[in-house]
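# Reading the structure
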Amino acid sequence: MPVIKLIVLIATLFFSQLLSAAQPSVLLAKVYDETKHHDVSKYLVSEKFDGVRAIWTGTHLVTRKGNTINAPSWFTAVLPNVWLDGELWTKQNDFASLSGIVRTKIPNNHDWQSVTYQVFDMPDTNLPFSIRYENYNKLITNLNSPHIKAVKQYRFINNQLLTDYFESITKQGGEGVMLHLASAKHTSGRSNELLKLKPYLDAEAVVIAYLPGKGKYQDMLGALRVKTPEGVIFSIGTGFNDDDRRSPPPIGSVVTYRYHGLTKNGLPRFASYLRVRAGL
């Protein structure tokens, strides 16, 4: 073989090894903000798994930083030669144990029996996420392997249905939910096309006014206008049942609400009514 061709071959092999070890192109989530992301029906929603992010390159399982995950050969043997993205997961509230299993250089077969690969994307820069979901769901169904799972996606037509789903997940001990823009093609980096909604904080505020309901809530409460101890005034429009809307908490009463962080203006994000403070 001529010297020049040999040099080119060596260089090609060298750079291909560098590329295979490089950080993979992954999509990262921003925080869900109800004030910015009004139309939740445009998103597919799934449970957020508290696991280790794992990308199947088609030949290797790696972290989002590109580090090799030393899974047993039987664990990856069933995976096809396609790019998959997901989470290695055991169960809710078990991240420390899972992390220890995944970090082990020589995999422990017994420990890995409890691990599942929760696949939530089959990246393709030419296809919207709604189609990619159909593709990975079909692929994993056909694999029919108990440790490879397709993460189920849901659509919700309004924020209240999203809240209901979110609360059902967190009450079971789940970490939260993910919202993926159904029309979005795969890209890398942190993007509004993928959003995370994690559990709320709790706080209290004084009821200062009522806002009238509309539509099916005509002649009932639409929202509470409240004021926090710090003087922040905002509205709470979700979390009420019909009885609450017919007989809302009295003006001047203290109510407990749940929220997910603060907006840049210091307003509670995704505020939802919980109850009147006990004793009032």
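Figured I'd write up the structure that's included with this text. All figures in this text were calculated on a predicted structure; none of them were measured in a lab. (Residues numbered from 1 in each chain as written. Predicted model: local features only at pLDDT ≥ 70, side-chain atom pairs only at ≥ 80, totals over all residues. Heavy atoms only, no water.)

Let's shift gears to the side chain of Thr228. Inspection of the secondary structure puts Thr228 in the loop between strand E11 (221–227) and strand E12 (233–236). Those residues in contact with Thr228 that sit more than four places away from it in its chain are Glu204, Ala205, Phe234 and Tyr257. (Helix = DSSP H or I, 4+ residues; strand = E, 2+ residues; numbered from the N terminus. Contact = heavy atoms within 4.5 Å.)

Further remarks concern the layout of surface pockets. By volume, the largest pocket amounts to about 620 Å³. Where the lining of the largest pocket is concerned, the elements lending two or more residues are strand E1 (27–31), strand E2 (43–47), strand E3 (52–56), strand E5 (84–89), strand E6 (116–121), strand E8 (177–181) and strand E9 (189–197). Taken together, the residues of the lining of the largest pocket break down into 10 nonpolar, five polar and 13 charged. (1 Å grid on protein atoms, 1.4 Å probe; cavity = no way out; pocket = protein on both sides within 12 Å on 5 of 7 lines; lining within 4 Å. Points joined across faces, edges and corners; volume = space filled by probe spheres on them. Nonpolar A, V, L, I, M, F, W, Y, C, P; charged D, E, K, R; others polar.)

Residue Asn93 is not a glycine yet carries a positive backbone phi of 60°. As for its position among the elements, Asn93 is in the loop between E5 and helix H3 (95–103). Owing to a relative accessible area of 68%, Asn93 belongs among the exposed residues under this scheme. Of note, Asp219 is a non-glycine position whose phi angle comes to about 65°, a positive value. (Buried < 20%, exposed > 50% of the residue type's maximum accessible area, 1.4 Å probe, protein only.)

With that out of the way, let us pick up the sheet that holds E5. In space, the five strands of this open sheet follow the order E4-E3-E5-E6-E7, with mixed pairing throughout. Across the chains shown, the open sheet's two edge strands, defined by having one partner strand only, are strand E4 (61–62) and strand E7 (148–150). With five bridges joining them, E5 and E6 adopt antiparallel strand pairing. Considered in E6, the bridge of Leu88 is made with Tyr117. (Pairing = 2+ DSSP bridges.)

Spatial relationships are all this shows, so hold off on functional conclusions.
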